[in-house]
Amino acid sequence: MLNRIDLSRIDLNLLVVFSVVLEVRHVGRAADRLNLTPSAVSHALGRLRGLLNDPLFLRTPRGAVPTARALELGEPVADILNRVERVMASAVPFEAGKSQRRFVIGAPDAVMTSVVTPILRCVRTNAPHVDIGLLHLMPEQGRGSKDQPWQGSLEKLERRQIDIALLPLRVVPPRFEARRLFEEDFVVAMRKGHHFARSPTLAA
């Protein structure tokens, strides 16, 4: 079974060399295609032989003949390299005007009411193809939630169920990126002459 130490020894370029040699069936021609020396290609194949415990290619007058194990590995190795290429191709700067991504924003109802309209207006202008989903977040009730009522919401963010959480938090765990959007105050309204006005404390 391959463990972390084994994985740390694997150079992705070894799979590239393997794939090209398997295609052209010749070390010299593979070296030309890869802009390497034949000795560098042979060295890479030697490392792969040790990792995979198989000769992989047999030298013959007709070139490098793949073993049964090499032929068996051809398709999965090609799939790995294709996946890596797709990952690297996707690593381009975000362009709001062209993006068709879906973003989910989570927030309590009061925050949602105050910010959704300007957010959607901005998105419609600058990112017309982006899809926005909204998720109503609520503080947790019950045991253990007194000091961390928004823990469940942060877990949704961590599990990528939402992309952005707008929450009334004084302290944000360091694993999250946070920005202060605005501050708000709560007020109490009452009729004139109400007895609460004489002692407007939190306890009262």
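Note that the structure is predicted; figures quoted are calculated from it, not measured. (Residues numbered from 1 in each chain as written. Predicted model: local features only at pLDDT ≥ 70, side-chain atom pairs only at ≥ 80, totals over all residues. Heavy atoms only, no water.)

Regarding the pattern of salt bridges
And then number 1: In the structure shown here, the tally under the stated rule is 9 salt bridges.
And then number 2: The salt bridge partner of E155 is R159, with a shortest N-O separation of 3.9 Å.
And then number 3: Residue classification places R159 among the partly exposed residues on the basis of a relative accessible area of 49%.
And then number 4: Note that E183 is salt-bridged to R180, the shortest N-O span being 2.9 Å. Taken individually, E183 and R180 each receive the classification exposed, so the pair is uniform in this respect. (Salt bridge = Lys/Arg side-chain N within 4 Å of Asp/Glu carboxyl O. Buried < 20%, exposed > 50% of the residue type's maximum accessible area, 1.4 Å probe, protein only.)

Digging into the packing of aromatic side chains
And then number 1: In the structure shown here, the tally under the stated rule is 2 aromatic pairs.
And then number 2: Between the aromatic rings of F18 and F57, the centroid separation amounts to 5.7 Å while the plane-to-plane angle is 50°, which identifies the pairing as tilted. Within this pair, whereas F18 is found in helix 2 (residues 12-24), its partner F57 is found in strand 1 (residues 57-60), the two being separated by 39 residues in sequence.
And then number 3: Overall, F18 belongs to the buried group, its relative accessible area being 2%.
And then number 4: Classification of F57 as buried rests on a relative accessible area of 4%. (Phe/Tyr/Trp six-rings, centres within 6.5 Å; stacked < 30°, edge-to-face > 60°. Helix = DSSP H or I, 4+ residues; strand = E, 2+ residues; numbered from the N terminus.)

A word on the nonpolar core
And then number 1: Of all hydrophobic cores here, the largest spans 21 residues; its most connected members are F18, V21, L56 and F57.
And then number 2: With 8 residues, helix 2 is the single largest residue contributor to this core.
And then number 3: Other than its neighbours up to four places away in sequence, F57 contacts F18, V21, L22, L45, R49, A64, V65, P66 and T67. (Core = buried A, V, L, I, M, F, W, Y, C linked by side-chain atoms within 4.5 Å. Contact = heavy atoms within 4.5 Å.)

Considering helix 2
Spacing of three or four residues puts side chains on the same side of an α-helix, whose turn is 3.6 residues.
And then number 1: Taking 1.5 Å of rise per residue, 13 residues should cover 18 Å, and helix 2 covers 19 Å from first to last C-alpha, within 8% of that figure.
And then number 2: Looking one or two residues past helix 2, R25 carries a phi angle of roughly 55°, positive in sign. (Expected span 1.5 Å × (residues − 1).)

Description of the confidence of the model for the protein chain
And then number 1: Per-residue confidence for the protein chain averages 86 on the pLDDT scale, and 91% of its residues sit at or above 70.
And then number 2: Mean pLDDT across the secondary structure elements of the protein chain bottoms out at helix 1 (residues 4-8), with 53, and peaks at strand 5 (residues 164-165), with 94.
And then number 3: Throughout residues 1-5 the model reports pLDDT below 50, and contacts reaching past four residues in sequence, or to other chains, amount to 3 contacts. (pLDDT = per-residue confidence, 0-100.)

A short note on the pairing of strand 2 (residues 63-66)
And then number 1: Bridge count for strand 1 against strand 2 is 4 bridges, and the pairing is antiparallel. The partner of L58 across the bridge, within strand 2, is V65.
And then number 2: What sits between strand 1 and strand 2 in their antiparallel hairpin is a turn of 2 residues. (Pairing = 2+ DSSP bridges.)

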